[in-house]
Amino acid sequence: MTPDATTPDPTDTPTPRRWEMRSPDRETEDILADTAQDALDECEEWLRDGAWDYGYLDAEVAPYVDGEPDYDASEMREIIVGDPEPEPDCDDNDDHDWQSPHKVVGGLDSNPGVWSRGGSQIATQEVCAHCGRYRDTVSESTPGQHPRTPERVTYSEADEASRAWVADEAVSDE
Ligand SMILES: [Zn+2]
């Protein structure tokens with residue numbers, strides 16, 4: 001019976017145990033950590049050193065059981081890596097006018113461009129009434145959820161649907 005094979009009792013003083021960290025591209029590295037949260041903290045730092053595109057990644061750690069990492073008992077955490085995209089300039093040197101027209105962004109009639117992303121996060125899509133570019137936002141997870149997943153904002157170029165809507169808006173504003 002090795003200490004690694006026992007289930008840690010949270011009331012005990014934690015003793016470091018061995019974990020295997022695994023990246024989304026299946027690289028692994030061993031660490032020692034007292035708790036799954038500590039191991040995930042290390043894994044998060046380890047992943048942040050990688051050259052990832054901006055976005056969410058799953059950090060994963062598996063405790064060693066009987067000398068092998070046990071991925072049935074692994075713990076995961078969603079983190080955000082990479083550098084955020086700068087907001088692209090609007091076409092007429094104006095500020096973007098972000099709106100949620102149902103016919104462009106879809107979703108519910110009463111709440112267009114808004115989706116639940118699972119967990120406590122909300123995904124929203126908006127479109128600029130001037131240039132037709134899209135802004136996609138995934139909200140921060142709600143307070144109380146540990147760990148917090150930060151907000152992610154990405155932008156994409158105008159397409160046929162958004163350009164048609166911008167043209168309609170320009171006409172109806174006159
Ligand atoms: Zn714009």
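Residues numbered from 1 in each chain as written. Predicted model: local features only at pLDDT ≥ 70, side-chain atom pairs only at ≥ 80, totals over all residues.

(A) Structural context of the confidence of the model for the chain. Averaged over all residues, the pLDDT of the chain is 87; the fraction at 70 or higher stands at 87%. Mean pLDDT in the chain bottoms out at strand 5 (residues 75–81), which sits at 89, and peaks at strand 2 (residues 28–33), which reaches 97. (pLDDT = per-residue confidence, 0-100. Helix = DSSP H or I, 4+ residues; strand = E, 2+ residues; numbered from the N terminus.)

(B) A look at the nonpolar core. Among the nonpolar cores identified, the biggest contains twelve residues, and these are Trp19, Met21, Ala33, Ala36, Ala39, Leu40, Cys43, Leu47, Leu57, Ala59, Val61 and Ala62. Elements supplying a minimum of two residues to this core: strand 1 (17–22), helix 1 (36–48) and strand 3 (55–65). A per-element tally of this core places helix 1 first, with five residues. Discounting chain neighbours no more than four positions away, the residues touching alanine 59 are Leu40, Cys43, Glu44, Leu47, Met76, Arg77 and Ile79. Residues Val104, Val105, Val127 and Cys128 belong to the second largest nonpolar core, which totals five residues. (Core = buried A, V, L, I, M, F, W, Y, C linked by C-beta atoms within 7 Å. Buried ≥ 20, exposed ≤ 12 C-beta atoms within 10 Å, placed from the backbone. Contact = placed C-beta atoms within 7 Å.)

(C) Layout of unusual backbone geometry. Positive phi, close to 70 degrees, is recorded for arginine 26, a residue that is not glycine. With respect to the helices, strands and loops of the structure, arginine 26 is situated in the loop between strand 1 and strand 2. Of note in the backbone geometry, aspartate 66 takes a positive phi value of approximately 55 degrees without being a glycine. Examined against the element boundaries, aspartate 66 turns out to sit in the loop between strand 3 and strand 4 (68–69).

(D) Spotlight on the pairing of strand 10 (residues 122–128). Examined bridge by bridge, strand 6 (residues 98–99) and strand 10 share two bridges and lie antiparallel to one another. When the bridges of strand 10 are listed, tryptophan 98 appears paired with cysteine 128. For strand 9 (residues 114–116) and strand 10, the ladder comprises three bridges, and the chain directions are antiparallel. Following the sheet pairing, valine 114 is matched in strand 10 by threonine 124. Between strand 9 and strand 10, which follow one another and run antiparallel, lie five residues, and glycine 118 among them has a positive phi close to 85 degrees. Note: strand 10 against strand 11 (residues 134–138), five bridges, orientation antiparallel. Across the sheet, the residue bridging to valine 127 is tyrosine 134, located in strand 11. (Pairing = 2+ DSSP bridges.)

(E) Highlighting the pairing of strand 3. Two elements, strand 1 and strand 3, share four bridges in a ladder whose sense is antiparallel. Residue pairing for strand 3: tryptophan 19 is matched across the bridge by proline 63. In terms of strand pairing, strand 3 meets strand 5 through seven bridges, oriented antiparallel. By the bridge assignment for strand 5, tyrosine 56 is matched with isoleucine 80. The pairing of strand 3 with strand 4 spans two bridges and is antiparallel. What sits directly across from valine 65, in strand 4, is glutamate 68. Hairpin connection of strand 3 to strand 4: two residues between the antiparallel strands, including aspartate 66 at a positive phi of 55 degrees.

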